[in-house]
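Spelled out, the chains give:
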Amino acid sequence: MKKLGEAEFEIMKILWGCQEPATSKQILDGLHNSRDWKLSSLMTALSRLAHKGFVSCDRSTRTNYYTAVITQEEYSLSESRNFLERLYDNSVQKLVASLYHSNSISKEDLEELRAYLDDQEEQA
């Protein structure tokens, strides 16, 4: 799966949050707080996202409707795998150790992780 740029990710977050296909105006309104874009900039980004396979466009009416093709969960899983592989040699232990030694993970976080793993083992 291809990676999303920061602006593309913001657009996808808006589409992922929509229950129905969105118009470019709805997307532009959603970007209002984070980006001061003109419609032409958004259309270029949507075109790139469609080319990458992240977005589909329904042009059957006068208004174009955009829909996310890839779910947020699918993208998150792909990015997580890439992150773990690239930085930690695919080792969850190395990731957790790095977080622990840099004081980025608390004892409460570790207890929560232990409880989650125990729960997963019980369900398996």
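Now for a quick tour of the structure. (Residues numbered from 1 in each chain as written. Predicted model: local features only at pLDDT ≥ 70, side-chain atom pairs only at ≥ 80, totals over all residues. Heavy atoms only, no water.)

Here we look at the overall build of the chain
The helix and strand inventory of the chain stands at 6 helices and 2 strands. Reading the secondary structure of the chain in the N-to-C direction produces α-α-α-β-β-α-α-α. A globule of 124 residues ought to have a C-alpha radius of gyration of about 14 Å, yet the chain, at 19 Å, is considerably larger. A principal-axis box enclosing the C-alpha atoms of the chain has dimensions of 55 × 30 × 25 Å. Within the span of the chain, comprising 124 residues, buried residues form 25% of the whole. For the chain, the share of sequence-separated contacts (at least 6 apart) that also reach a separation of at least 24 residues comes to 49%. (Helix = DSSP H or I, 4+ residues; strand = E, 2+ residues; numbered from the N terminus. Rg over C-alpha atoms; globule rule 2.2 N^0.38 Å. Buried < 20%, exposed > 50% of the residue type's maximum accessible area, 1.4 Å probe, protein only. Contact = heavy atoms within 4.5 Å.)

Some thoughts on the pairing of strand S1 (residues 55-58)
Pairing between S1 and strand S2 (residues 65-68): 4 bridges, direction antiparallel. Paired with Val-55 across the bridge in S2 is Ala-68. Once S1 ends, the chain turns through 6 residues before running back antiparallel as S2. (Pairing = 2+ DSSP bridges.)

Considerations on helix H3 (residues 39-52)
Across its 14 residues, H3 extends 20 Å between first and last C-alpha, which sits within 8% of the 20 Å expected from 1.5 Å per residue. For H3, every residue scored as buried is listed here: Leu-42, Ala-45, Leu-46 and Leu-49. An end-on view of H3 places all buried positions within 100° of arc, on one side of the element. For H3, the exposed residues lying more than 90 degrees away from the buried face are Ser-40 and His-51. The secondary structure elements touched by the buried residues of H3 are helix H1 (6-17), helix H2 (24-31), S1 and S2. Among the residues trailing H3, Gly-53 stands out with phi positive, at a value near 90°. (Expected span 1.5 Å × (residues − 1). Arc of directions from axis to C-beta.)

Quick word on the state of the cysteines
Enumeration over the complete set of coordinates arrives at 0 disulfides. Cys-18 takes part in no disulfide bond, and the closest cysteine sulfur to it belongs to Cys-57, at a distance of 14 Å. On the basis of relative accessible area, Cys-18 is assigned to the partly exposed category, the value being 30%. We classify Cys-57 as partly exposed; its relative accessible area is 22%. (Disulfide = S-S within 2.5 Å.)

Keep in mind these values describe shape, not function.
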